[in-house]
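Per-entry structural report
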Amino acid sequence: MKSTAIANSNIALIKYWGKINEKLRLPANSSISMNLDSLWTTTTVEFSKDLKKDRIIINGIDNGDEANRVSKHIDLIRKLAGVTTKARVATKNNFPESVGIASSASGFAALTLAATAAAQIKIAKKELSILARLGSGSASRSIPSGFVEWKKGDSHQNSFAISLFEPNHWKIADIVAIVSDKPKNVGSTAGQKIAKASPFFKIRLKNIDKKINQIKKYIKQKNFARFGELIEAESMELHAIMMTSTPPLIYWHPETLKLMACVKSWRSEGLPIYFTIDAGPNLHLIVEDKNIPALLAKLKNICEVKKTIVNHPGGGARLIDRHLF
Ligand code: PMV
């Protein structure tokens with residue numbers, strides 16, 4: 001059977017950084033995210049007796065660098081479903097690889113849903129999130145819809161993500177401002193391994209549950225100012241941990257700092273916007289819908305911003321009928 005799934009990417013508002021179990025991708029802390037409706041991956045999977053080995057095409061490239069990681073993920077699903085045949089997989093992002101936006105969250109969420117459906121196993125959302133987590137931690141959060149919490153749990157079976165609020169709960173947007181499209185030197189898997197070396201990591205973990213409770217409250221109340229202050233401070237803390245790891249990890253570029261300064265100055269002029277930054281140089285600018293035009297107008301004049309992508313809260317991973325092959 002051939003199955004195709006779509007999954008949106010997500011932006012972490014309270015970040016996942018550091019694991020207590022590398023193999024199972026059990027995180028050191030819970031995290032909160034929002035799905036991004038303009039950024040998604042489409043994946044088609046078909047198991048076939050005619051194949052001697054998996055055939056994996058990612059963004060048009062046959063058996064590229066990531067093919068092995070995809071095959072390994074499919075092995076887990078084969079084991080679960082009792083399937084022994086090889087798979088044909090095609091996967092495509094609707095955003096160019098080169099814009100420097102991570103695709104592992106949407107990628108492994110779409111792959112998990114498409115592969116389990118192709119293997120004809122019916123599993124609950126919770127199990128899908130657990131499986132997606134094994135491919136990439138943040139992928140667990142792209143299975144449920146809207147505003148999401150990944151509860152860290154302490155075992156394989158209880159570390160999964162759930163939806164807190166549906167996408168229409170709050171009219172806010174994440175405008176991704178691309179300042180660099182160069183691939184990063186250190187990926188998030190490698191970066192997370194050295195997080196514990198930071199002297200601030202322990203302090204972060206001590207305060208994280210309080211932050212999780214606060215952000216949930218602010219999202220529920222739609223308190224944009226408190227929400228924005230918290231996500232911006234959280235993102236600075238994440239990068240402080242990265243910069244004080246051994247060896248230090250610096251994802252920011254000069255353009256990142258320039259835009260951070262712009263955000264601060266636009267805010268002081270009365271435009272309520274806040275930023276968050278993942279493991280890369282690009283900023284995610286969080287803004288209420290009513291202020292999108294004003295922010296886009298400002299960004300147009302900043303030559304460091306190469307491209308902007310406007311996202312609203314997105315839905316969860318879903319099956320579709322349009323196959324890629
Ligand atoms: O899921 P990974 O291994 O790509 O790690 C994601 C790490 C951050 O994007 C920096 C934070 C997060 O929670 O998504």
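Our subject is the structure listed above.
Here we summarise the structure given alongside this text. Source: prediction; values computed, not measured.

Next up on the list: the site of the ligand. Taken together, 13 residues surround the ligand, and among them Tyr16, Ser136, Ser138, Arg141 and Ser188 come closest. Ser104 is positioned with one of its side-chain polar atoms (N or O) 3.4 Å from an oxygen atom of the ligand. A distance of 3.1 Å is found between an oxygen atom of the ligand and a side-chain nitrogen or oxygen belonging to Ser136. The fraction of the free accessible surface of the ligand (380 Å²) that becomes covered by protein chains is 94%. A per-class count over the shell around the ligand returns four nonpolar, six polar and three charged.

As a further point, take the environment of Ser198. Assignment of secondary structure puts Ser198 in the loop between helix H4 (188-193) and helix H5 (201-221). Excluding residues that lie within four positions of it along the chain, Ser198 makes contacts with Ile241, Thr244 and Ser245.

A separate point is H5. In a regular helix each residue adds 1.5 Å, so 21 residues correspond to 30 Å; H5 covers 29 Å between its end C-alpha atoms and thus fits that length. Taken as a whole, H5 carries its principal kink of about 45 degrees at Asn207. Inspection of H5 places Phe201, Arg204, Ile208, Lys211, Ile212, Ile215, Tyr218 and Ile219 among the buried residues, and these make up the whole buried set. For H5, the elements touching its buried residues are strand E1 (2-14), strand E4 (31-48), strand E8 (147-151), strand E9 (160-165) and helix H6 (224-243). Immediately beyond the C-terminal end of H5, within one or two residues, lies Lys222, with a positive phi of roughly 55 degrees.

Turning to the packing of aromatic side chains, a few remarks are in order. To describe a pair of aromatic rings, one takes the distance between the centres and the angle between the planes. Under the criterion given, the structure shown has six aromatic pairs. Judged by centre distance (6.2 Å) and plane angle (75 degrees), the rings of Trp170 and Phe224 are edge-to-face. Taken together, the residues span a long stretch of sequence, with Trp170 in the loop between E9 and strand E10 (172-178) and Phe224 in helix H6 at a distance of 54 residues. Like Trp170, the residue Phe224 is buried in the burial classification. Their ring planes at 35 degrees and their centres at 6.3 Å tell us that Phe224 and Phe227 sit as a pair that is tilted. With Phe224 and Phe227 both in helix H6 and three residues apart, the pair spans about one turn of that helix. The two residues Phe224 and Phe227 agree in class, both being buried. Members of the aromatic cluster, each reached through a chain of ring pairs, are Phe147, Trp170, Phe224, Phe227 and Tyr274.

Rules behind the numbers
- Residues numbered from 1 in each chain as written.
- Predicted model: local features only at pLDDT ≥ 70, side-chain atom pairs only at ≥ 80, totals over all residues.
- Heavy atoms only, no water.
- Near = heavy atom within 4 Å.
- Polar contact = N/O pair within 3.5 Å; in protein donor to acceptor, adjacent residues only side chain to side chain.
- Areas by Shrake-Rupley, 256 points an atom, 1.4 Å probe, with all protein chains shown as cover.
- Nonpolar A, V, L, I, M, F, W, Y, C, P; charged D, E, K, R; others polar.
- Helix = DSSP H or I, 4+ residues; strand = E, 2+ residues; numbered from the N terminus.
- Contact = heavy atoms within 4.5 Å.
- Expected span 1.5 Å × (residues − 1).
- Bend = angle between axes of the 7 residues up to and from the residue.
- Buried < 20%, exposed > 50% of the residue type's maximum accessible area, 1.4 Å probe, protein only.
- Phe/Tyr/Trp six-rings, centres within 6.5 Å; stacked < 30°, edge-to-face > 60°.

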